[in-house]
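# Working through the structure, step by step
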Amino acid sequence: MRCSAFIRIVVVLLTLLTTWYFAEKFYSNKVDMKSLRSMFDNKAEEAPRKKKVKFSCGNEKPCPDGYFAFQIISGAANVVGPSICFDNTIIMSSVKNNIGRGLNIALINASTGALIKTNAFDMYSGDVKPLLEFIKPVKDGTLVFVASYDDPGTKLNDEARSIFTDFGSSYAKKVRFRDGWIFVGGKGINAKSPFEQHIKNNKETNKYDGWPEVLEMEGCIPKKSN
Ligand SMILES: *[C@@H]1O[C@H](CO)[C@@H](O)[C@H](O)[C@H]1NC(C)=O
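Residues numbered from 1 in each chain as written. Predicted model: local features only at pLDDT ≥ 70, side-chain atom pairs only at ≥ 80, totals over all residues. Heavy atoms only, no water.

Turning next to the side chain of Ser148. Structurally, Ser148 can be placed in strand 6 (residues 142-149). For Ser148, the side chain forms a polar contact with the main-chain nitrogen of Trp181, separated by 2.9 Å. Once residues lying within four places of it in the same chain are set aside, the contact partners of Ser148 are Ser74, Gly75, Pro82, Gly102, Asp179, Gly180 and Trp181. (Helix = DSSP H or I, 4+ residues; strand = E, 2+ residues; numbered from the N terminus. Polar contact = N/O pair within 3.5 Å; in protein donor to acceptor, adjacent residues only side chain to side chain. Contact = heavy atoms within 4.5 Å.)

Okay, the pairing of strand 5 (residues 115-121) next. The pairing of strand 4 (residues 102-109) with strand 5 spans 6 bridges and is antiparallel. The residue of strand 5 that forms the bridge with Ile108 is Leu115. Counting the residues that bridge the hairpin from strand 4 to strand 5 gives 5 residues, and of these Gly113 lies at a positive phi of roughly 80°. (Pairing = 2+ DSSP bridges.)

Quick look at the sheet that holds strand 6 now. If you walk across this open sheet you meet the 5 strands as 5-4-6-7-8, and the pairing is antiparallel. The strands lining the two open edges of the sheet, one partner per strand, are strand 5 and strand 8 (196-199). Each strand of the sheet is rotated relative to its neighbour by a mean of 15°, with strand direction disregarded. Relative to strand 8, strand 7 (residues 180-186) is paired through 4 bridges, and the arrangement is antiparallel. Bridging from a neighbouring strand, Ile182 pairs with Gln197 of strand 8. Set on the sheet, helix 3 (residues 158-166) makes contact with strand 4, strand 6 and strand 7; between it and strand 7 the angle comes to about 55°. (Axes fitted to C-alpha atoms, helices over the stretch in contact; angles between N-to-C directions.)

Let's shift gears to the site of the ligand. Around the ligand, the neighbouring residues are Asn109, Thr112, Ile116, Asp140, Gly141 and Thr142. With respect to the ligand, the side chain of Asn109 contributes an N or O atom lying 2.2 Å from an oxygen atom. Contact with the protein chains covers 48% of the free accessible surface of the ligand, which is 360 Å². Residue classes in the shell around the ligand are distributed as 1 nonpolar, 4 polar and 1 charged. (Near = heavy atom within 4 Å. Areas by Shrake-Rupley, 256 points an atom, 1.4 Å probe, with all protein chains shown as cover. Nonpolar A, V, L, I, M, F, W, Y, C, P; charged D, E, K, R; others polar.)

So, about the sheet that holds strand 3 (residues 89-92). Reading across the sheet, the 4 strands line up as 3-2-1-9 and stay open at both edges, with antiparallel pairing between neighbours. What marks the edges here is a single partner per strand, and that holds for strand 3 and strand 9 (216-222). Between one strand axis and the next, the sheet turns by 25° as a mean value, whatever way the strands run.

Structure representation (structure tokens):
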């Protein structure tokens, strides 16, 4: 009698211990995963803080809610291609293999932030026609990103220049052979864009042999509300 009661207690204890063991194992696995994740999160948050905080597109400043972050970098001489980042996604770059000498242009839906299309247009030995066919049909509510590489100016004609001017550009009319030019405008904005830089190819001031220095700009674009 006593003996069977003892065995029963032992069995109950063993059952409890086994349950606890598996529960603990299961639970601690979860805890481990969780703490692992928070470890990574902490690293992701803390590592850059030691240097400079980087936000969407690697920008120095965060964008408020309802804004798209962007960063745009012109090509360096005829050596390093330009890059365009929008809403934390690189949309044009050498790595993406969708850039080229001349004008690199990305069209984006200003309400949704969806990429419409990108293309590169040779402005030195190419024809201006493909560029015109690309920018003429651009619809209202489209953001237009432009980054120069090598020579953005030689083949630019008045028609193309005035379309960029309509997109809000202040410098499209002045872009010449081997100038640097980066620009973010939009169709139907009816204002001068604050997001534009232009640097002249000038022997006296060029950083590279034959080209001016790289242009780089970051900012926040308000989402278009319909
Ligand atoms: C942007 O996307 C919205 C929703 O899909 C669409 O209705 C609108 O026509 C698009 N605008 C442009 C300029 O593509």
